[in-house]
Amino acid sequence: MYGKSSTRVVLLLVGIQLTALWPIAAVEIYTSRVLEAVNGTDARLKCTFSSFAPVGDALTVTWNFRPLDGGPEQFVFYYHIDPFQPMSGRFKDRVSWDGNPERYDASISLWKLQFDDNGTYTCQVKNPPDVDGVIGEIRLSVVQTVRFSEIHFLALAIGSACALMIIIVIVVVLVQHFRKKRWAERAHKVVEIKSNEEERLNQEKKVSVYLEDTD
């Protein structure tokens, strides 16, 4: 009886020591912070995370929504082993799971965006024993048309410059090709003229010799 009690005490002390040695860590959340999408289209709300603990069946993901004009927070999506979509509310039949826990991805997709979807979407991930951490946020702006950003302008400028360079190279190659073709034609004509001239001279010589023999 005494041996069993001693064993339990030892195991308890070992457990306490392991708990003390377990690093204190929190789930880190990474989002795009700001997202702009066109009215009527679909959008992917990207949310990735990092965790000290390995991802298992205890992982939970919770998405909520705070309207731009204020009001209570609204449920958007929940994931725990399986995805759980809202049964009612603005996001019913308009949200789907687009993540992969094995790749530390907790993203979702929203369908048929509306102007009243403007607001802040929060992504909270818990992966016991990592249950603390900053909640990720995405500020979604639903617009009529997407505004061109500096990156778009830069990409457009680079694309235009590349297209212009390609056109210049094609023009130079074509000019050189036609120039070589023209020189070849000229050279051929010169050779043909020389050949005709030599043939004419030969004919004249033959006639001259014939006349001399006749005389």
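All residue numbers refer to positions counted from 1 along the written sequence of the respective chain. It should be noted that, the model being predicted, local features are given only for residues of pLDDT at least 70 and side-chain atom pairs only at 80 or more, the latter also being counted only at that level, while totals for whole chains, interfaces and linings use all residues. Water and hydrogen atoms were dropped before computing side-chain values, which therefore reflect all heavy atoms in the structure.

Draft legend 1. Structural view of a nonpolar patch on the surface. The patches reported here contain residues having more than 30% relative accessible area and no salt bridge. Joining distances are 9 Å for like charges and 5 Å for nonpolar side chains (Val, Leu, Ile, Met, Phe, Trp, Tyr). The Shrake-Rupley method, run with a 1.4 Å probe sphere, supplies the accessible areas, and residue values consider only the shown protein chains as cover. Any Lys or Arg side-chain nitrogen located within 4 Å of an Asp or Glu carboxyl oxygen qualifies as a salt bridge. Where nonpolar side chains cluster on the molecular surface, the patch consists of Leu164, Met165, Ile168 and Val172 and spans about 360 Å² of accessible area. By definition, any uninterrupted DSSP run of H or I lasting at least four residues is a helix, any uninterrupted run of E lasting at least two residues is a strand, and each is numbered from the N terminus. Among the structural elements, isoleucine 168 can be located in helix H2 (residues 150–214). When accessible area is computed with a 1.4 Å probe and restricted to protein chains, residues below 20% of their type maximum are described as buried, those above 50% as exposed, and intermediate ones as partly exposed. Classification of isoleucine 168 by relative accessible area gives partly exposed; the value is 41%.

Draft legend 2. Local environment of the sheet that holds strand E6 (residues 74–80). A sheet is described by the order of its strands in space; here six strands give the open sequence E2-E11-E10-E5-E6-E7, paired in mixed fashion. Strand pairing shows two members of the sheet lacking a second neighbour, strand E2 (33–38) and strand E7 (82–84), which therefore form its edges. With strand direction ignored, the average angle separating the axes of adjacent strands in the sheet is 20°. Both strand E5 (residues 60–67) and strand E10 (residues 119–126) contribute to a ladder of eight bridges, which runs antiparallel. The rule for pairing is simple: two strands pair if DSSP sees at least two bridges between them. Only the stretch in contact is used when a helix axis is fitted, and all axes are lines through C-alpha atoms; the angle between N-to-C directions ranges over 0 to 180 degrees.

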